[in-house]
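Structure assessment
Okay, here's what each chain looks like letter by letter:
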Amino acid sequence: MVRMFIFAVLGFAASVAIAAPQYIDLKPLASVVSVSTGEVKSGTKTLPIITWGGDIATIYANGNASETTKSSIFAQKGLKYRLSREDVFAEQLKNYIAGDTPFLRGTLGMIESASDLLGGNSNLKPIVFYQMTWSAGGDALVVKNNIKTAKDLKGKTVALQAYGPHVDYFVKLLKDAGLSFGDVNVKWLPDLTGTDNSPMAALYESDIDAAFVIIPDALALTSGGGVGTGAEDSVKGAKILMSTKTANRVIADVYAVRADYMKRNKDEIERLTQALLLAAEKTSDVVNARNANAAEYNSLMSASAKLLLDSEQAIPDAEGLYADCEFVYFKGNLKFFADAKYPRNFERLSSEITKSLNELGLVSKGSAVNKAALNYKLLNQGLSRVNDISKPKFKREELSALVSQKQQQGSLGDGELFSFEVFFSPNQNTFPVDLYKNEFDRVVELASTYGGAVITVEGHSDPMGYLKAKKSNKPPVVLGRVKQSAKNLSVSRAQSVRDSIIGFAETNAISLDDSQFEPIGHGITSPATGICGSDPCPPKTEKEWRSNMRVVFRIIQIEAESDVFSPL
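On a predicted model such as this, the values are computed, not experimentally measured, just so you know.

**A short note on the environment of Ile208**
With respect to the element layout, Ile208 can be found in the loop between α7 (199-203) and β8 (210-214). Residue classification places Ile208 among the buried residues on the basis of a relative accessible area of 0%. Beyond its immediate stretch of four places on either side in the chain, Ile208 contacts Tyr23, Lys144, Thr157, Ala159, Lys187, Ala202 and Leu203.

Put into structure tokens, the structure is as follows:
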């Protein structure tokens, strides 16, 4: 994707070439944006769009034109808008406050970052009414070769665009790795891409260890998505630690409207929401039928290329934008706004983002961003994807083969993002919710956030039975049976834990993709007490003995394994 939220308002001109990145101090938007508040102007309303694949559906809804055409979905709903691309969020805010438009278009994190700026005026408070997409591959964290897992970011220096789409992504990643903002050093930049003042440019500097970038920059830095060779635009040793193909429930793209406009025009907002939902479906139909109806497809993509990329010829780039987003359709909006148990719903995401922005000093109070009081269950007229059934994202047989290969090669840690352990008692074979609720909640949260990652559930066994048998000089055949029994038991425990988590989620009306979970049995081959020679080290204390009775959860990024992962 090409997210171009360039903050020239901070005084750094994107066109000026400089020898090294010019970092900036991060300040609340209230101290950056200054404009007088105005009433929303009458006449044709401006509907902002940004350079993102989800906005292709908005262009379709408007009749593949900047001004609403008579036969368009918007026109059929009695709506009339002028589409205006505005990738500088600060400029959007100026237009919004002045009354040039009642709408804001951005990620939820970007809109939340304006809480202090807008929260003091009840008319200006943003009301989020539509979720367009999740980022599903267009944003990435690129790291140098001294970083293997997310935990390795501790003490490192990370380059990040101020006020852009990666701020809440960054802090969420830190939180899930058990880190805080204070554990890392951040260098803030005004631009997102294409200038010397962008995170990509900063990663060339020797003192920068990692950078959050858009996927075209990530591919350039890593020699096409592998490991950077140092040739052309790459950085030697650089790799993608994680993209939103893995963290596909972190960045939510939304529309918001001014509170005063919503109060007077709720019917219009309902019709707009319905139109956007219908356009998302129709756009998908056009894309899926591109070979059968090339003329309609080319008309949509050329119009999108012109409005989003300033050139009708930039169709391949427009197609790339579309491929990097995941539309949520009606079902996703219903979950996001109306499902209290959905782990990534509006309230939870908003709270998570607000805490992150507060930690960064960007907002000083609670969120001033609200969700619309719409009955989303009644907005399904004319829609065909109301009851879509989610399909497994992972190919089970291929995934099992891949994980088995990694286990045999001792490379399960490759691509690891996070890991944590749960412990059990001797002879324990069940994992009741009352004992493991906190751990189950954490797994559900991680599975819901990192839907493109595989979660291995790795059982380990106590080696004392084997060690006692060997000390008693039992023959090799007996020792082999003891080892195999321990392995079988560890597999059984891993499966039991996996099943308990899936059942826990179902009991709480949370849908998990069970193809994402892969149980593994290590037996006694990887004890917490270590290996002494060719056997497990004997535990010296009861604490060491109990440390071997564990199940390890490992969240692994396998984006490069295209034969295993099937993106939506």
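**A few points about the nonpolar core**
The biggest cluster of nonpolar side chains holds 147 residues, and the ones touching the most others in it are Phe129, Leu153 and Phe553. No other element matches the 10 residues that helix α10 (residues 266-288) contributes to this core. Apart from residues lying up to four places away in sequence, Phe553 is in contact with Phe418, Ser419, Phe420, Val422, Val443, Ile455, Thr456, Val457, Val497 and Ile501. One finds Leu189, Ala202, Ala211 and Leu221 within the second-largest nonpolar core, a separate group that totals 16 residues.

**Digging into the sheet that holds strand β9 (residues 239-243)**
Strand order in the open sheet formed by five strands is β7-β6-β8-β5-β9, and the pairing between neighbours is mixed. The open sheet is flanked by β7 (185-189) and β9, the only strands paired with a single partner. The average angle at which neighbouring strand axes cross in this sheet is 30°, direction not considered.

**A look at the packing of helix α6 (residues 167-176) against helix α14 (residues 346-359)**
At a closest axis distance of 9 Å, the pairing of α6 and α14 adopts a crossing angle of 95°. Judged on the interaxial angle alone, α14 and α6 are roughly perpendicular. Along its contact with α6, which presents Val167, Asp168, Val171 and Lys172, the element α14 presents Glu352, Ile353, Ser356, Leu357 and Glu359. In terms of residue class, the contact of α6 with α14 is made up of four nonpolar, one polar and four charged.

**Things to note about α6**
Most of α6 is tucked away, with nine of its 10 residues classed as buried. Residues Val167, Asp168, Tyr169, Phe170, Val171, Lys172, Leu173, Leu174 and Asp176 constitute the buried set of α6. Downstream of α6 by one or two residues, Gly178 has phi in the positive range, about 80°.

**Here's the deal with the packing of aromatic side chains**
Enumeration according to the criterion identifies 20 aromatic pairs in this entry. Arranged with centres 5.4 Å apart and planes meeting at 80°, the rings of Phe74 and Tyr81 form a pair that is edge-to-face. Both residues of the pair, Phe74 and Tyr81, belong to the buried class. Both rings, one in Trp134 and one in Phe336, keep their centres 6.1 Å apart while their planes meet at 90°; by these two values the pair is edge-to-face. Taken together, the residues Trp134 in strand β4 (residues 126-135) and Phe336 in helix α13 (residues 329-338) connect sequence positions 202 residues apart. Like Trp134, the residue Phe336 is buried in the burial classification. Three or more aromatic residues joined by ring pairs form one cluster here, namely Phe74, Tyr81, Phe103, Phe129, Tyr255 and Tyr261. The positively charged end of Arg105 is found above the aromatic ring belonging to Tyr255, 5.8 Å away from the centroid. When the ring centre of Tyr329 is taken as reference, the NZ or CZ atom of Arg385 above it lies at 4.6 Å.

Procedures and definitions
- Residues numbered from 1 in each chain as written.
- Predicted model: local features only at pLDDT ≥ 70, side-chain atom pairs only at ≥ 80, totals over all residues.
- Heavy atoms only, no water.
- Helix = DSSP H or I, 4+ residues; strand = E, 2+ residues; numbered from the N terminus.
- Buried < 20%, exposed > 50% of the residue type's maximum accessible area, 1.4 Å probe, protein only.
- Contact = heavy atoms within 4.5 Å.
- Core = buried A, V, L, I, M, F, W, Y, C linked by side-chain atoms within 4.5 Å.
- Pairing = 2+ DSSP bridges.
- Axes fitted to C-alpha atoms, helices over the stretch in contact; angles between N-to-C directions.
- Parallel < 35°, antiparallel > 145°, perpendicular 65-115°, else oblique.
- Nonpolar A, V, L, I, M, F, W, Y, C, P; charged D, E, K, R; others polar.
- Phe/Tyr/Trp six-rings, centres within 6.5 Å; stacked < 30°, edge-to-face > 60°.
- Lys NZ or Arg CZ within 6 Å of the ring centre and 35° of its normal.

The values reported here are purely geometric and, on their own, carry no functional implication.
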